[in-house]
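Summary of structural features
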Amino acid sequence: MQLIQYTLETQKELLAEYSHQPLKGQVALVTGANSGIGEGCVRHLAAAGAAVVVNYVADPEAAQVIVDQINQSGGQATMAFADVSNESQVKTMFDQIRNDHGTLDILVANAGLQRDAFIGDMTLAQWDLVMNVNLKGQFLCAKEAVLEYRRRGIRSTSRALGKIVCMSSVHQLIPWAKHTNYAASKGGLMLFMQSLAQEVSPEKIRVNAIAPGAIATPINHQAWETPEAEASLLKLIPYDRVGIPDDIGRAAVWLSSDASDYVVGSTIFIDGGMCTFESFSTGG
Ligand code: NAD
C-alpha cells in the first residue's frame, strides 16, 4: 500500500462530510500536523469548520502546503513552529495562536516519535527523546491549553470550556518488545490523560485520548510498504485492512465536538480490532 496523498480536491471533498459544520467558530491546534495522523486530523478539523493551527518542528514546506490547501478550500489555517518538548517554544506558539486567532478551543496533542532498540542497545538519548516528545510534550501543550481555556472562559460555540485530545496508541495497552521507551511513554500518557480529565472536568474541560492501531504513516512505513510486510501486519488486524489518517481524523472531530459532550477521560481505540488479540482466535 501507499501513503495517502491529500490534495486541494480531497480537501474540498471532505467538506461534504461536515455540512453541519460542528466546529464552526472554534480554533484547533494539532501538534505534529504536517505529516501522517496529525495531517489527517487537521484536515478533518478544518473541514468541520474549525480555524486550525498546523504545528510543525521540521519540514515547514509540508506545513505550508496543508495551510494553503485548507485556505484555498474556504477554510482557515495558519502554521506555528514549536518543538513540543521545549517549554519556551510551546509558550511562544500559544502566544502566536492568541495573536492570530484570539484563543484556542481544541488541542489535539498528536506529535510523537519512535526510537526503537533492544534494551541493551538503547541509548539514554533514545530513551529521553521519546519520553520528552511523547510525554513531556503532552504535559507542556495540555498545560498551556488549560491555562488558555481558563483565561478565556466559556463561550457560545461549545458546551465545554475546552477540549484536549491526546494521541496515544494501542501500546498504552499492548506490551511491545524492543520498543520499551515508546510503550512506556504511551502507558504513561494513559494515566496522564485520565488524571488530567479527573482534575479539570469540573471546569468543563474535556480530556480524552485516541489510541490508533496500525495507521499507514511515515512513522511505520517498514510495516506496510511491501506486500510481504503488509500481509504480516494484517495477521494482527481482524478487520483485515491497515488504517489511514482519515480513520483518526473523523474521531478527532467527534471528540472535539459537542456530539461527545459526555465523553470524559476515555480512550477511543481505532485499530481494526487489534486489541481483540486476534492471535487468540485459533487457540489459547
Ligand atoms: P509521523 O511521523 O507521520 O508524524 C509525527 C509528527 O510528529 C511529525 O509531524 C513530526 O514532525 C512531529 N514531531 C516529532 N517530534 C516533534 C516535536 N518535538 N515537536 C513537534 N512535532 C514533532 O507519525 P504518525 O504515525 O502520524 O504519528 C502521530 C502520532 O500517532 C504519534 O504520537 C504516534 O505515536 C501516534 N501513533 C501512530 C500510529 C501509527 O500506526 N501510525 C499508531 C499509534 C499511535
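Read on for an overview of the structure. Not measured: the values here are computed from a predicted model.

Criteria and thresholds
- As a convention, each chain's residues are numbered from 1 in the sequence order in which they are written.
- pLDDT decides what is reported in this predicted model: residues at 70 or higher carry local features, side-chain atom pairs at 80 or more are listed and counted, and totals for whole chains, interfaces and linings draw on all residues regardless.
- For side-chain calculations, the full set of non-hydrogen atoms in the structure is used, while hydrogens and water are omitted.
- In DSSP terms, a helix is any run of H or I states spanning at least four residues, a strand is any run of E spanning at least two, and both are numbered starting from the N terminus.
- Note on exposure labels: buried denotes an accessible area under 20% of the residue type's maximum, exposed denotes more than 50%, and partly exposed covers the range between, all computed with a 1.4 Å probe on protein chains only.
- Contact between two residues is taken to exist if any of their heavy atoms lie within 4.5 Å; hydrogens are not considered.
- All accessibility values rest on the Shrake-Rupley procedure with a 1.4 Å probe; residue burial counts only the protein chains present in the view.
- Counted as positive: Lys and Arg. Counted as negative: Asp and Glu, with His and the chain ends omitted from the count.
- For charged residues, the charge sits on one atom: NZ in Lys, CZ in Arg, CG in Asp, CD in Glu.
- Residues enter patches when their relative accessible area tops 30% and they take part in no salt bridge; the joining distance is 9 Å for like charges and 5 Å for the nonpolar side chains Val, Leu, Ile, Met, Phe, Trp and Tyr.
- Only one rule defines a salt bridge in this text: a Lys or Arg side-chain nitrogen within 4 Å of an Asp or Glu carboxyl oxygen.
- Angles here are taken between N-to-C directions and fall from 0 to 180 degrees, while the axes themselves are lines fitted to C-alpha atoms, restricted in helices to the stretch in contact.
- Orientation categories follow fixed angle ranges, with anything under 35 degrees roughly parallel, anything over 145 roughly antiparallel, 65 to 115 roughly perpendicular, and all other angles oblique.
- For any pair of crossing helices, the crossing counts as left-handed if the nearer helix is rotated counterclockwise from the farther one by less than a right angle, and right-handed if it is rotated clockwise.
- Classification used: nonpolar for Ala, Val, Leu, Ile, Met, Phe, Trp, Tyr, Cys and Pro, charged for Asp, Glu, Lys and Arg, polar for all others including Gly.
- Near is defined per residue: the residue qualifies when any heavy atom it owns lies within 4 Å of the molecule or strand.
- The term polar contact refers here to a pair of N or O atoms within 3.5 Å; inside protein, the definition further demands a hydrogen-donor-capable atom paired with an acceptor-capable atom, and it admits residues adjacent in sequence only when both atoms are side-chain atoms.
- Pairing between strands is defined by DSSP: at least two bridges between the two strands are required.

**Comments concerning the overall build of the protein chain**
The helix and strand tally for the protein chain stands at eight helices and seven strands. Principal-axis analysis of the C-alpha atoms places the extent of the protein chain at approximately 55 × 40 × 35 Å. Out of the 284 residues belonging to the protein chain, those deemed buried represent 52%. Summarising the internal contacts of the protein chain: among those between residues at least 6 apart in sequence, 75% fall at separations of at least 24. Looking at the protein chain as shown, the accessible area adds up to about 12800 Å², and 56% of this sits on carbon and sulfur atoms. Distance between charge centroids for the protein chain: 8 Å, based on 21 positive and 29 negative side chains.

**Concerning a nonpolar patch on the surface**
Where nonpolar side chains cluster on the molecular surface, the patch consists of Leu173, Phe269, Phe277 and Phe280 and spans about 390 Å² of accessible area. One can find Phe277 in the segment after strand S7 (267-270).

**Details of the packing of helix H2 (residues 36-47) against helix H3 (residues 60-72)**
The relative placement of two packed helices is expressed as an angle between their axes plus a distance between the axes. Relative orientation of the contacting elements H2 and H3 amounts to 20 degrees, with a least axis distance of 11 Å. It follows that H2 is roughly parallel to H3 by the angle criterion. Helix-helix and strand crossings are classified by hand; for H2 and H3 the assignment is right-handed. Residues Glu39, Val42, Arg43 and Ala46 of H2 lie in contact with H3, whose contacting residues are Ile66, Gln69 and Ile70. Class assignment of the residues belonging to the contact of H2 with H3 gives a composition of four nonpolar, one polar and two charged.

**Focus on the environment of Leu173**
In this structure, Leu173 sits in the loop between strand S5 (162-167) and helix H6 (180-200). According to the relative accessible area criterion, Leu173 is partly exposed, its value standing at 47%. Sequence-wise, Leu173 and Ala211 are 38 residues apart; in three dimensions their C-alpha atoms are separated by 9.3 Å. With near-sequence residues (within four places) excluded, Leu173 lies in contact with Phe269 and Cys275.

**Section: the site of the ligand**
Close to the ligand lie 28 residues, the nearest being Asn34, Ser35, Asn110, Tyr182 and Thr217. Contact between the ligand and Asp83: a nitrogen atom at 2.8 Å from a side-chain N or O atom of the residue. In the environment of the ligand, an oxygen atom lies 3.0 Å from a nitrogen or oxygen atom belonging to the side chain of Asn220. Burial of the ligand by the protein chains amounts to 90% of its free accessible area of 820 Å². Elements with a contribution of two residues or more to the shell around the ligand: H2 and H6.

**Regarding the side chain of Gln138**
Relative to the elements of secondary structure, Gln138 occurs in helix H5 (residues 124-152). Judged by relative accessible area, Gln138 falls into the buried class, the value being 2%.

**A word on the side chain of Asp247**
By the element assignment, Asp247 lies in helix H8 (residues 245-256). Looking at Asp247, its side chain comes within polar contact range of the main-chain nitrogen of Ile244, at 2.9 Å. When near neighbours in sequence (up to four residues on either side) are disregarded, Asp247 contacts Arg241 and Ile270.

**Topic: the packing of H2 against H8**
Between H2 and H8, the shortest axis-to-axis distance is 8 Å and the interhelical angle comes to 50 degrees. Compared by their axis directions, H2 and H8 come out oblique. Read as a crossing pair, H2 and H8 show a hand that is right-handed. In contact with Gly36, Ile37, Gly40, Cys41, His44 and Leu45 of H2, H8 contributes Pro245, Asp246, Ile248, Gly249, Arg250, Ala252, Val253 and Ser256. By residue class, the composition of the contact of H2 with H8 is seven nonpolar, five polar and two charged.

**Section: the sheet that holds strand S4 (residues 106-109)**
Read across the open sheet, the seven strands follow the order S3-S2-S1-S4-S5-S6-S7; overall the sheet is parallel. With partners counted over all chains shown, the strands left at the sheet margins are strand S3 (76-81) and S7, one partner each. For this sheet, the mean inter-axis angle between neighbouring strands, taken without regard to orientation, is 20 degrees. For strand S1 (residues 27-30) and S4, the ladder comprises three bridges, and the chain directions are parallel. Bridged to Ala28 within S4 is Ile106. The sheet strands contacting helix H4 (residues 87-101) are S1, strand S2 (51-56) and S3, and the helix crosses S3 at an angle near 155 degrees. Here H6 sits on the sheet in contact with S5, strand S6 (205-212) and S7, set at roughly 160 degrees to S6.

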